[in-house]
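Coordinate inspection notes
Spelled out, the chains give:
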Amino acid sequence: MTMSVEQLWSLPETALIAAYAEARRRHAEKKFERDTQRARLEWMRAKLFVNTQGNVTERKMAVDVSEELARKGQEVREMTRDLDMLKIDVDVIDTMIRLRGAHGGPPIHGEEAAEKTAEPDGE
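Let me begin by describing the structure that accompanies this report. The shown structure was predicted, so the numbers you read here are calculated from the model rather than taken from an experiment.

**A word on the pattern of salt bridges**
- In the structure shown here, the tally under the stated rule is eight salt bridges.
- Between Arg25 and Glu22 there is a salt bridge, and its shortest N-O distance comes to 2.3 Å. Note that Arg25 and Glu22 are positioned in helix α2 (residues 13-51) at a spacing of three residues, about one turn of the helix.
- With a relative accessible area of 34%, Glu22 lands in the partly exposed category.

What follows is the structure, encoded as structure tokens:
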């Protein structure tokens, strides 16, 4: 995080909300980048599995011992760590907004949002 908690606490409400929006934008960008790399890694594993000669066990072994795939897997794990750090930034700023009494909407997760749209109103 570029700012300490004390600095966040002293920010005006508009600047705090702008920092929150920026942190969420960075988190979304990094998540998209990580998910793209993860999908590429899975595609490379599948391609290597199909193009390798031998039975299933030999093919799986070839995928498991590939140094290139191991390196790419490590990169994805590092991206996940960075993404988790950005999520912490978002959560800290969100908590700061809520502690200061600003009105931020409650977070709606995927399953909860689907349930809310499926329920009929007034019944």
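Still more to cover.
**Observations concerning helix α4 (residues 67-99)**
- Along its 33 residues, α4 runs 48 Å from first to last C-alpha, staying within 8% of the 48 Å computed at 1.5 Å per residue.
- Those residues of α4 lying buried are Leu69, Gly73, Val76, Met79, Leu83, Leu86, Asp89, Val90, Ile93, Asp94, Met96 and Ile97.
- In the core, the buried residues of α4 are packed alongside α1 (5-10), α2 and α3 (56-65).
- Residue Gly101 follows α4 closely and has a positive phi angle near 90°.

**As for α2**
- The first and last C-alpha atoms of α2 sit 57 Å apart over 39 residues, in line with the 57 Å expected at 1.5 Å per residue.
- Restricting attention to buried positions, one finds in α2 the residues Leu16, Ala19, Tyr20, Ala23, His27, Arg34 and Leu41.
- Looking at the buried residues of α2, the elements they touch are α1 and α4.

**Quick notes on the packing of α2 against α4**
- As a packed pair, α2 and α4 sit with axes 9 Å apart at the nearest point and diverge in direction by 160°. Overall, the two elements α2 and α4 adopt an arrangement that is roughly antiparallel. Note that α2 runs across α4; the crossing there is left-handed.
- Among the residues making up the contact of α2 with α4, the classes are represented as 17 nonpolar, four polar and twelve charged.

**What to know about the environment of Arg24**
- Here Arg24 is to be found in helix α2.
- Assessed through its relative accessible area of 48%, Arg24 is described here as partly exposed.
- It is 8.0 Å that separates the C-alpha atoms of Arg24 and Lys87, two residues lying 63 residues apart in sequence.

**Some remarks on the packing of aromatic side chains**
- All told, the structure shown has zero aromatic pairs when counted by the stated rule.
- The positively charged end of Arg59 is found above the aromatic ring belonging to Phe49, 5.5 Å away from the centroid.

**Structural notes on the nonpolar core**
- Leu8, Leu11, Leu16, Ala19, Tyr20, Ala23, Val90, Ile93, Met96 and Ile97 together form the largest nonpolar core, which totals ten residues.
- Elements that contribute at least two residues to this core include exactly α2 and α4.
- Once you skip the residues sitting within four places of it in the chain, Ile93 turns out to touch Leu8, Leu16, Ala19, Tyr20 and Ala23.

What counts as what
- Residues numbered from 1 in each chain as written.
- Predicted model: local features only at pLDDT ≥ 70, side-chain atom pairs only at ≥ 80, totals over all residues.
- Heavy atoms only, no water.
- Salt bridge = Lys/Arg side-chain N within 4 Å of Asp/Glu carboxyl O.
- Helix = DSSP H or I, 4+ residues; strand = E, 2+ residues; numbered from the N terminus.
- Buried < 20%, exposed > 50% of the residue type's maximum accessible area, 1.4 Å probe, protein only.
- Expected span 1.5 Å × (residues − 1).
- Contact = heavy atoms within 4.5 Å.
- Axes fitted to C-alpha atoms, helices over the stretch in contact; angles between N-to-C directions.
- Parallel < 35°, antiparallel > 145°, perpendicular 65-115°, else oblique.
- Left-handed = near helix turned anticlockwise from the far one by under 90°.
- Nonpolar A, V, L, I, M, F, W, Y, C, P; charged D, E, K, R; others polar.
- Phe/Tyr/Trp six-rings, centres within 6.5 Å; stacked < 30°, edge-to-face > 60°.
- Lys NZ or Arg CZ within 6 Å of the ring centre and 35° of its normal.
- Core = buried A, V, L, I, M, F, W, Y, C linked by side-chain atoms within 4.5 Å.

On their own, these measurements won't tell you what the molecule is for.
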